[in-house]
Amino acid sequence: MEFKTFVFYFLSAILVFAALRVITSRNPVHAALFLVLAFFTASGVWLLLQAEFLAMALVLVYVGAVMVLFLFVVMMLDINLDRLREGFWGYLPMGAIIALLMVGEMGLVLGGNYLGLFESSVRQAGADESNVQAIGRLMFTEYVYPFELASVILLVGIVAAVALTQREKRKNKSVNPSQQVFVKARDRVRVLQMPAEKRD
Amino acid sequence: MLESYFPVFVFILVGIAFGFAPVLTGLIVAPHRPDSEKLSPYECGFEAFEDARMKFDVRYYLIAIIFILFDLEVAFLLPWATIFKEIANTDSVRWFGFIEMMVFIAILVVGYLYAWAKGALDWE
């Protein structure tokens, strides 16, 4: 237990540092990479909570895929680094209000257990079965409908991404050989009979 | 349960050490006699004259988002695979586990076919 506590504080310290750097680093690419570090340490914390599947999914999906997307977005936007920090004080009051609201909401959600608002309904997985199986049993028997809805949401994602980014095909400069072979001379050249005109 | 992750932890430590050791050894052992030519980015050729940050084609983004979607599909397949036998052995829902995943995949295949038909997978 002692070592576990040490690992928890170690990971948490890295997590808080990385999360702070995400919002304070000037370079958006660095911010995205610090977000990768934050995801990694968060998955370590989840592993300590014995949520193995979620930890692996976090690494696979968020670090592997979502962060690639973030990096592409950052690289696609033509960001002028010098002008990023302008208007910091102007945005501060609004940002502070939103931050306070979010802290309050998270406090209510996380503090509900301590305030005695509700009993935790999270079931502890049995010692002999893995976390993945526990999740699978719930997801594929009790929560089938939300699971199928997830695929519909993914479908909407694909269609939206294709519709937003697909452009008209560029005029292709290659030629079709069979069309070339079957071309006849009269399709291309028209010989006109014109009477000679007399100049006066 | 956490004890079984100890090898992973050891692997992480060894991996970090393996990455840092050659660099540190080079810093300590190798002779340092820098001059301006050695420290320049390219000993021959042009100096960099353009910003490295340039706009990427939006099609990379499309590839990335399609990758995410099918990555998520695989993430859903894993718990299904671990629980599949158990569901199939329950009498009332014998084919249920199979059919639900086939419906899930079929819906995603529709998106795949859409992307394919629209030419989103062609690069020209």
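From a predicted model like this one, the values you see are computed outputs, not experimental measurements. (Residues numbered from 1 in each chain as written. Chains lettered and ligands numbered in written order. Predicted model: local features only at pLDDT ≥ 70, side-chain atom pairs only at ≥ 80, totals over all residues. Heavy atoms only, no water.)

1. Regarding the interface of chain B and chain A
Basically, it comes down to this: Note on definitions: a residue-residue contact is assigned when non-hydrogen atoms from the two residues lie within 4.5 Å. The term buried area means the drop in 1.4 Å probe accessible area that two parts suffer when joined, counted for both and summed. What counts as a salt bridge is simple: a side-chain nitrogen of Lys or Arg found within 4 Å of a carboxyl oxygen of Asp or Glu. Any pair of N or O atoms that falls within 3.5 Å is considered a polar contact. Within protein, one atom must be able to donate a hydrogen and the other to accept it, and sequence-neighbouring residues count only if both atoms are side-chain atoms. Note on conventions: DSSP H or I runs of at least 4 residues are helices, E runs of at least 2 residues are strands, and numbering of each starts at the N terminus. Gly counts as polar in this scheme, as do all residues outside two lists: the nonpolar Ala, Val, Leu, Ile, Met, Phe, Trp, Tyr, Cys and Pro, and the charged Asp, Glu, Lys and Arg.
If you look at the interface, chain B gives 48 residues, while chain A gives 50 residues. Summed over both partners, the interface of chain B with chain A comes to about 4600 Å²; 75% of that surface belongs to carbon and sulfur atoms. Between chain B and chain A we count one salt bridge in total. Counting across the chain B and chain A interface gives two residue pairs in polar contact (both at pLDDT 80 or more). Element by element, the count of residues in the side of chain B that touches chain A is highest for helix 3 (residues 58–88) of chain B, at 22 residues. Classifying every residue of the side of chain B that touches chain A by side-chain character gives 35 nonpolar, three polar and ten charged.

2. Examining a negative patch on the surface
So the rule is basically this: Patch building starts from residues that exceed 30% relative accessible area and form no salt bridge, then joins like charges within 9 Å and nonpolar side chains (Val, Leu, Ile, Met, Phe, Trp, Tyr) within 5 Å. In these tables, accessible area is a Shrake-Rupley quantity obtained with a 1.4 Å probe, and a residue counts as shielded only by the protein chains included in the view. Charged-residue counts in this description rest on Lys and Arg as positive and Asp and Glu as negative, His and the chain ends being excluded. Charge positions are represented by NZ for Lys, CZ for Arg, CG for Asp and CD for Glu.
Where like charges cluster on the molecular surface, the negative patch consists of Asp-35, Glu-37, Glu-43 and Glu-47 of chain B. Relative to the elements of secondary structure, Glu-37 of chain B occurs in helix 2 (residues 36–39).

3. With respect to the packing of aromatic side chains
Rule in force here: Between rings of Phe, Tyr and Trp, where Trp is taken as its six-membered ring, a pair exists when centres lie within 6.5 Å; planes separated by under 30 degrees are stacked, by over 60 edge-to-face, and by other angles tilted. Exposure is judged per residue with a 1.4 Å probe applied to protein chains only, and the accessible area is read against the type maximum: over 50% gives exposed, under 20% gives buried, and values in between give partly exposed.
If you walk through the whole model with that rule in mind, you get 15 aromatic pairs over all chains. Relative to Tyr-9 of chain A, the ring of Phe-8 of chain A has its centre 5.4 Å away and its plane inclined at 70 degrees; by these criteria the two rings are edge-to-face. A relative accessible area of 35% means that Phe-8 of chain A is categorised as partly exposed. Using a relative accessible area of 55% as the deciding quantity, one classes Tyr-9 of chain A as exposed. Taking 5.8 Å as the distance between ring centres and 80 degrees as the angle between the ring planes, the aromatic pair formed by Trp-95 of chain B and Phe-98 of chain B counts as edge-to-face. For Trp-95 of chain B, a relative accessible area of 57% translates into the label exposed. Look at Phe-98 of chain B and you get partly exposed, because its relative accessible area is 33%. Taken together, the ring pairs in this structure connect Phe-3, Phe-6 and Phe-10 of chain A together with Phe-6 and Phe-9 of chain B into an aromatic cluster.

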